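This is what each chain is made of:
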Amino acid sequence: MALHPHTPYIHLMFSDLYNTDILSLSATLENAALPNPDGTARKVSKLCGSWLEIDLNVEDGVVSDCALRVQACALGQASAAILKESIIGSTLAELKTARDGLQALLKAGGEPPTGRFAKLALLSGVAAYPARHTSTLLAFEAAVAAFEAALDR
């Protein structure tokens, strides 16, 4: 039985993008909402329809609580899980640095972010798949927007 000519590509894509670490991270998310958030944001990928909503509470310039609602592919979910597990105690500057670092990693061949969000290195393989960039960035773009909304409140 002959293999379809695109089978190696599909296998490569699956193993690069949807590895055990990514799938494990995506399985950790639970949709939730905060009762009275200081800031909320929703981001949507027009390309694939993935979306993410985030609620944040901010005290003394750092995130004190976070809740997410996510409907995204495993990559968007994994990125959101990385954010969720490390966001408590983050400043706006740290969130912007992580967002900008992830964007540089995906779009410009940059190095993965370090520090609090170093686990984003697990998403390095997404750089080769531009159609997946937007959903992978949703969580960090929404987190920055929600923190800014909390400050404006």
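Here's the deal with the environment of Asp38
Take Asp38: it is sitting in the loop between α2 (20-26) and β1 (39-44). For Asp38, a relative accessible area of 23% corresponds to the partly exposed category. On a C-alpha basis, the gap between Asp38 and Leu151 in space is 8.0 Å, while along the polypeptide they are 113 residues apart.

Regarding the pattern of salt bridges
A side chain with one charge can pair with a side chain of the opposite charge if their charged atoms come near. A complete count under the given rule lists eight salt bridges for this structure. With its nearest N and O atoms 3.4 Å apart, the salt bridge here joins Glu94 to Arg116. A residue pair is termed long-range when its members are at least 10 positions apart, and Glu94 in helix α4 (residues 92-108) and Arg116 in the loop between α4 and α5 (133-152) qualify at 22 residues. As a salt-bridge pair, Glu148 and Lys96 come within 3.4 Å of each other at their nearest N and O atoms. Placement of the pair is Glu148 in helix α5 and Lys96 in helix α4, with a sequence separation of 52 residues. Residue class for Glu148 comes out partly exposed when judged on its relative accessible area of 32%.

Things to note about α4
With 17 residues, α4 should cover 24 Å at 1.5 Å per step; its first-to-last C-alpha distance of 23 Å lies within 8% of that length. For α4, the set of buried residues is Leu92, Leu95, Ala98, Gly101, Leu102, Leu105 and Leu106. Packed against the buried residues of α4 are β3 (62-71), α3 (74-86) and α5. Just past α4, the residue Gly109 takes up positive phi, approximately 70°.

Notes on the packing of α3 against α5
Two measures define how a pair of helices packs: the angle their axes make with one another and the distance between the axes. Closest axis-to-axis distance for the α3/α5 pair is 6 Å, and the angle between their directions is 35°. Taken as a pair, α3 and α5 cross one another with a handedness that is right-handed. Where α3 approaches α5, its residues Leu75, Gly76, Ser79, Ala80 and Leu83 are matched on the opposing element by Ser135, Thr136, Ala139, Phe140 and Ala143.

Side note on unusual backbone geometry
In this model, Asp60 sits at a positive phi of 55°, which is unusual for a non-glycine residue. Counting through the fold element by element, Asp60 comes out in the loop between β2 (51-59) and β3. The class for Asp60 is exposed, based on a relative accessible area of 81%.

Section: the pairing of β3
Judged from the nine bridges that link them, β2 and β3 form a sheet pairing that is antiparallel. When the bridges of β3 are listed, Asp55 appears paired with Ala67.

Describing the nonpolar core
In this structure, Leu52, Ile54, Leu83, Ile87 and Leu95 are the most contacted members of the largest nonpolar core, which totals 38 residues. Elements with a contribution of two residues or more to this core: β2, β3, α3, α4 and α5. Looking at this core, the element that brings in the most residues is α5, giving 10 residues. With sequence-adjacent residues up to four places away left out, Ile54 is seen in contact with Gly39, Thr40, Ala41, Cys66, Ala67, Leu68, Arg69, Leu83, Ile87, Ala142, Ala143 and Ala146.

Re the confidence of the model for the protein chain
When pLDDT is low, close inspection of the predicted coordinates is not appropriate. Scored by pLDDT, the protein chain comes out at a mean of 88, with 84% of its residues at no less than 70. For residues 1-14, every residue scores under 50 in pLDDT, and the model assigns this stretch six contacts once sequence neighbours within four places are set aside.

Topic: the packing of aromatic side chains
Under the criterion given, the structure shown has one aromatic pair. It is Arg42 that lies over the ring of Trp51; its NZ or CZ is 4.6 Å from the centre.

The rules we used
Residues numbered from 1 in each chain as written. Predicted model: local features only at pLDDT ≥ 70, side-chain atom pairs only at ≥ 80, totals over all residues. Heavy atoms only, no water. Helix = DSSP H or I, 4+ residues; strand = E, 2+ residues; numbered from the N terminus. Buried < 20%, exposed > 50% of the residue type's maximum accessible area, 1.4 Å probe, protein only. Salt bridge = Lys/Arg side-chain N within 4 Å of Asp/Glu carboxyl O. Expected span 1.5 Å × (residues − 1). Contact = heavy atoms within 4.5 Å. Axes fitted to C-alpha atoms, helices over the stretch in contact; angles between N-to-C directions. Left-handed = near helix turned anticlockwise from the far one by under 90°. Pairing = 2+ DSSP bridges. Core = buried A, V, L, I, M, F, W, Y, C linked by side-chain atoms within 4.5 Å. pLDDT = per-residue confidence, 0-100. Phe/Tyr/Trp six-rings, centres within 6.5 Å; stacked < 30°, edge-to-face > 60°. Lys NZ or Arg CZ within 6 Å of the ring centre and 35° of its normal.

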